[in-house]
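Chain by chain, the residues:
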Amino acid sequence: MASTALSPISAKAVHICVDMQQMFTPPWPWAVDWLPVILPQVQRLVRKRPEATIFTRFIPARNPGEGHGQWKQYYEHWADMTIARAGEEAVDLLPELAVHIPPARVFDKPIYSPWLSGELAGVLQSEGVEEVIVSGGEADMCVLATLLGSIDLGYRTILAEDAICSASDEAYENILKLFTKRYSHHVEVAPVEAIVECWR
C-alpha cells in the first residue's frame, strides 16, 4: 500500500489513540488478534509526545438491553460485554499505555465516534490543534469513525497505517485502500517511522 510523503507535523498536533483496551484482548469475545501486534508501534507514537496523546475508551452499556435505539438491541446481543457482566476492568487501557497517564489524557465515549458530543472537538479547538494523528482499533469501526469526524471538522488528518488493527486482514486492507484512494485529499496515510520523524 503506497503511503503519503509527509510534510512536517507541528508541535500542536494531537495523537488520538483509539480504544486500546483490555476488552479487545483475550478472553473477551471482542478480542482482536492484531491488537498485540500493533502495540509496539502505538507505544512508539505515544512515547514521541505523551502530553499530546488522547486515549479514547469505548464504554459499553452497564446492563444488557440498555441503550438508545439500535444500541439497545446491540447490548441484548452482546450482553456478556456489558460492564455488569464483563467487569469494570474490561474498559481499562492496556497497562503498557496507561503508564503514560498523565500527561496523556483519556476521553470516554459510549459510541464509535468520539466527536458526537462536541466535547473533544471543543478541547482541541481551545488548544489550537490543527492536526490529528490516529492509531488504534478497530480500523473499520471506531478508527473509521474517528477519521471521518476529524475530516468533517477540517483537521489535517494522518492515519498511522502500521499502528491500527482490525478483526480481519480484509477489513484492514479495505480501510487502507479507502483512505489512500477515495479520501486521499483528506487523509494522509503513513507508517509510524515517518510520522515520528516528521513530528516536531
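Thresholds, definitions, all that
- Residues numbered from 1 in each chain as written.
- Predicted model: local features only at pLDDT ≥ 70, side-chain atom pairs only at ≥ 80, totals over all residues.
- Heavy atoms only, no water.
- Helix = DSSP H or I, 4+ residues; strand = E, 2+ residues; numbered from the N terminus.
- Expected span 1.5 Å × (residues − 1).
- Bend = angle between axes of the 7 residues up to and from the residue.
- Contact = heavy atoms within 4.5 Å.
- Buried < 20%, exposed > 50% of the residue type's maximum accessible area, 1.4 Å probe, protein only.
- Pairing = 2+ DSSP bridges.
- Right-handed = clockwise from strand over helix to strand, strands pointing away.
- Phe/Tyr/Trp six-rings, centres within 6.5 Å; stacked < 30°, edge-to-face > 60°.
- Axes fitted to C-alpha atoms, helices over the stretch in contact; angles between N-to-C directions.

Draft legend 1. A look at helix 1 (residues 35-48). Its 14 residues give helix 1 an end-to-end C-alpha distance of 20 Å, which sits within 8% of 20 Å, the value for a rise of 1.5 Å per residue. At glutamine 41, helix 1 shows its strongest bend, of approximately 30 degrees. In this structure, the buried side of helix 1 is in contact with strand 1 (14-18), strand 2 (53-58), helix 4 (95-98), strand 4 (131-137), strand 5 (156-165) and helix 8 (192-198).

Draft legend 2. Focus on the pairing of strand 1. Within strand 1, five of the five residues are buried, which leaves the element mostly enclosed by the surrounding structure. Covered by surrounding structure in strand 1 are Val14, Ile16 and Val18 together with His15 and Cys17, the residues of both alternating faces. Summarising the sheet, strand 1 and strand 4 pair through five bridges and their orientation is parallel. Of the residues in strand 4, the one forming a bridge with histidine 15 is isoleucine 133. In this fold, the crossover linking strand 1 to strand 2 by way of helix 1 has right-handed handedness.

Draft legend 3. The packing of aromatic side chains, seen in detail. By the definition in use, this model includes eleven aromatic pairs. Taken together, a centroid distance of 5.1 Å and an interplanar angle of 75 degrees make the contact between tryptophan 71 and tyrosine 74 edge-to-face. One end of the pair, tryptophan 71, and the other, tyrosine 74, are both in helix 2 (residues 70-77), three residues apart, so they sit about a helical turn from each other. Residues tryptophan 71 and tyrosine 112 carry aromatic rings whose centres are separated by 5.3 Å and whose planes lie at 70 degrees to one another, so their mutual orientation is edge-to-face.

Draft legend 4. Representation of the sheet that holds strand 3 (residues 105-109) in the model. An order of 3-2-1-4-5-6 is seen for the six strands of this open sheet, with the pairing classed as parallel. Every interior strand has two partners, whereas the edge strands, strand 3 and strand 6 (187-190), have only one. Adjacent strand axes in the sheet meet at a mean angle of 25 degrees, parallel and antiparallel pairs treated alike. Taken together, the four bridges between strand 5 and strand 6 define a ladder with parallel strand orientation. By the bridge assignment, isoleucine 158 is partnered in strand 6 with glutamate 188. Packing of helix 5 (residues 119-126) onto the sheet brings it into contact with strand 1, strand 2, strand 3 and strand 4, and relative to strand 3 it is tilted by some 150 degrees. Running over the sheet, helix 7 (residues 169-182) touches strand 5 and strand 6 and is turned about 160 degrees from strand 5.

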